Structure formats: structure tokens, C-alpha cells
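The chain contents come next:
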Amino acid sequence: MELIPAYVKGELTRNQMNEVSEHLQNCNSCYEEAEKWEELFAELRSLVSYTHKPEKKVAQLTRGKTSSLTPWIVGGVGLGVGVLIAAGGALLWRKK
Amino acid sequence: MKVEHVLIEKVKRGDPKAFQELFSRFERDIYTLAYRLLGNREDAEDVTQEVAWILWSKIKSFRNESSLSTWLYRVTANTALQLLRKKRKIIYVEPSAHTAEDMHLMLEMAVMDLQENQRTLIVLRDIYNFPMKEIARMLDISEENVRVQLHRARKALRKRLEGGENGGMQRSSGTNTSLRKGRADEKSNE
Ligand SMILES: [Zn+2]
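As the structure is a computational prediction, the values presented were derived from the model and not from experiment.

1. Re the overall build of chain A
Okay, so step 1: In terms of regular secondary structure, chain A is built from three helices and three strands.
Okay, so step 2: Shown N-terminal to C-terminal, the secondary structure of chain A runs as helices and strands in the order α-α-α-β-β-β.
Okay, so step 3: Sorting the 96 residues of chain A into buried and exposed places 41% on the buried side.
Okay, so step 4: Taking the contacts inside chain A whose residues are at least 6 apart along the sequence as the reference set, 33% of them involve residues at least 24 apart.

Here is the structure:
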């Protein structure tokens, strides 16, 4: 049944939710299907707490001058515009 | 949480050390979301950098009514999607040197292996739990369209995972860095 994943995620209208719920009570194969989706969604959700480490520390991503007086440019490669960081900000991206 | 609020207040007053500490709490989360949306490290690092700047420059407008992580996830997703749109034609997913080690890694690899628009939807909705409305807004498509495409994406993911048992996952691309389980209290995003 096509509505099962959206049902498991609670994305359907109230009427649809009721319909699917009723169907699941009477149809074993759809019920099992719903269980599989439930498991998959739980696993996907758990990925939130599995994180990657940036290869470069953000501290090392900066380019340009690090003079404490000159404002400097942090590369916004691909973002089009470089981000201008005021002098005071320069400290921030150094490594601890 | 309380410590975080203290940090936020300090950052609002322009304390760079507090900023560094605050940002380091979220750096991996920001980077990971960006990586999952963009599929390569360099772009994810650029986005992380950009989000650092946004956090520093916009923190005064952050109100404590939502959690900072929710706010940062939203900013990160928007920034990454903006980049994705600009680079649409040349986006590639880095091939991974890893083989699937465990369920989480294998699942992530399957997600990363989806075509771009499907990956985007799974990441935003099923991993990060953004509301449907917000996803529609972020991608500038109708909610109905989100529903339809999300359904396809979910089915495609299931198919990949089920093919995985007989080696279907072999050519998966995905993480070059290993996954780290975060602290339980970092988990919430809503
Ligand atoms: Zn049925």
C-alpha cells in the first residue's frame, strides 16, 4: 500500500491516517510492511547523532591576511561572495 | 543547555573565545548535515565556514525560543542548498574508501548513493526531521511535490538497502571520515 511510509511518519491527513490504520488492523502483509518502514525511519533518524569530522579545522580554512588590523577575506568558494570578517573576528578561526 | 545559554549571551556581547567554544559544540553537526546534502567534503567545509560566520554575525537576532541547534540546522540546510543549486551541474559524490562497517555507515552510504534530489529529501525529512512545509519552502516546490518525490526517494532507498545484501552496496559512495556517535543530549533537533 502506497500510503504506508507517509502513514508511519504521520504525514497524512486525519482521514487517510484512519483509513490506513484500519487497513493495517486487517491486513497482515501491510502491517509487516509498516513495521519495516518504522524500523528504517528510526535508523535514519538515529543518523543525526552520528557525525563526521571536517578534515580541516575551520580554523585552517581561512585564507588571506591574518593581520589584526586589516579586515580579511574568508574564502566563500562556490558561494559567490567572499565573506568579509572584521579584524576582531580574525582570532576566531585560529586553532585553540 | 544552561551552559550553552551562558555562551550565547557571551557571544552576543562579542566574546571571541566564547564563540569558539560555542561553535565547536556544533561544528561536527553542521559539517555533517552539509556533507550529507552536498556529498563532498570541500563544499561541506565551505558551508561550515559560512555558517560559522552567520552564527557570529547574526547571533544577536537569535531568540532563545527555539534551540540553537534547530536554528543552526536550518541555516546550514539553507546555505548548503543554495550552494547545491549554484553547482547543480558539477556536484559529485566522493567515492569512499570505506566498506560498510555497520548499520549506520551502510545506511548513510545508501542515502549518499541516491540521486541528488532524492538524497536531499531523505536527509532533510527523514534524518533531520524538518517539517514538510519548511522543506517545500527551502526547495521552492509545492508541498504536494515534496510528498510525491519523498515517496519515490523512500522507495529508492529501500530498494538499495534490500539489494545491499547481495553486494548491491559495493559501489556506494559516502563517508571518508568515520561516523562518530554524538552525545545523547546533542541528538534533539526539535
Ligand atoms: Zn494490505
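2. Focus: the packing of aromatic side chains
Okay, so step 1: Scanning all chains against the criterion turns up six aromatic pairs over all chains.
Okay, so step 2: Taking 5.9 Å as the distance between ring centres and 10° as the angle between the ring planes, the aromatic pair formed by Phe19 of chain B and Phe23 of chain B counts as stacked. In this pair, Phe19 of chain B and Phe23 of chain B both sit in helix 2 (residues 16-38), four residues apart, roughly one turn of the helix. Each member of the pair Phe19 of chain B and Phe23 of chain B is classed as buried.
Okay, so step 3: Put simply, the rings of Phe19, Phe23 and Trp56 of chain B touch in pairs and so form one group of aromatic residues.
Okay, so step 4: Of note, Lys9 of chain A hangs over the ring of Phe41 of chain A, and the distance from its end group to the ring centre comes to 5.4 Å.

3. Focus: the packing of helix 7 (residues 132-139) of chain B against helix 8 (residues 143-163) of chain B
Residues and elements named next belong to chain B.
Okay, so step 1: For the pair helix 7 and helix 8, the least separation of the axes is 9 Å and the interaxial angle reads 100°. Taken together, the axes of helix 7 and helix 8 are roughly perpendicular relative to one another. Side by side, helix 7 and helix 8 meet where Met132, Lys133, Ile135 and Ala136 of the first sit next to Glu143, Val146, Arg147 and Leu150 of the second.
Okay, so step 2: Residues belonging to the contact of helix 7 with helix 8 are distributed by class as follows: five nonpolar, no polar and three charged.

4. Re the coordination of the zinc ion
Residues and elements named next belong to chain A.
Okay, so step 1: The zinc ion binds to the protein through His23 (NE2), Cys27 (SG) and Cys30 (SG), with metal-donor distances spanning 2.1 to 2.2 Å.
Okay, so step 2: Here the donor residues for the zinc ion map to a single chain with the spacing H-x3-C-x2-C.
Okay, so step 3: Residue class for Cys30 comes out buried when judged on its relative accessible area of 10%.

5. Observations concerning the environment of Val75 of chain B
All names here are of chain B.
Okay, so step 1: Here Val75 shows up in helix 4 (residues 68-87).
Okay, so step 2: Look at Val75 and you get buried, because its relative accessible area is 15%.
Okay, so step 3: When the C-alpha atoms of Val75 and Asp29 are compared, they prove to be 12 Å apart, with 46 residues separating the residues in sequence.
Okay, so step 4: If sequence neighbours within four positions are ignored, Val75 has contacts with Val51 and Ile54.

6. Description of unusual backbone geometry
Trans peptide bonds make up the majority, and among non-glycine residues the majority have a negative phi.
All names here are of chain B.
Okay, so step 1: The backbone of Asn129 shows a phi angle near 60°, a positive value even though the residue is not glycine.
Okay, so step 2: Counting through the fold element by element, Asn129 comes out in the loop between helix 6 (116-127) and helix 7.
Okay, so step 3: Of note, the phi angle at Asp140 is positive, near 60°, even though the residue is not glycine.
Okay, so step 4: Among the structural elements, Asp140 can be located in the loop between helix 7 and helix 8.

7. Points about the packing of helix 3 (residues 28-46) of chain A against helix 5 (residues 103-112) of chain B
Okay, so step 1: Axis separation between helix 3 of chain A and helix 5 of chain B bottoms out at 10 Å; the angle between their running directions is 95°. Judged on the interaxial angle alone, helix 5 of chain B and helix 3 of chain A are roughly perpendicular. In this structure, helix 3 of chain A uses Leu40, Glu43, Leu44 and Ser46 of chain A to contact helix 5 of chain B, whose residues at the interface are Met103, His104, Leu107 and Val111 of chain B.
Okay, so step 2: Along the lines of polarity and charge, the residues of the contact of helix 3 of chain A with helix 5 of chain B split into five nonpolar, two polar and one charged.

Reading the values: the criteria
Residues numbered from 1 in each chain as written. Chains lettered and ligands numbered in written order. Predicted model: local features only at pLDDT ≥ 70, side-chain atom pairs only at ≥ 80, totals over all residues. Heavy atoms only, no water. Helix = DSSP H or I, 4+ residues; strand = E, 2+ residues; numbered from the N terminus. Buried < 20%, exposed > 50% of the residue type's maximum accessible area, 1.4 Å probe, protein only. Contact = heavy atoms within 4.5 Å. Phe/Tyr/Trp six-rings, centres within 6.5 Å; stacked < 30°, edge-to-face > 60°. Lys NZ or Arg CZ within 6 Å of the ring centre and 35° of its normal. Axes fitted to C-alpha atoms, helices over the stretch in contact; angles between N-to-C directions. Parallel < 35°, antiparallel > 145°, perpendicular 65-115°, else oblique. Nonpolar A, V, L, I, M, F, W, Y, C, P; charged D, E, K, R; others polar. Donors = N, O, S within 2.8 Å, 3.2 Å for Na, K, Ca; no water.

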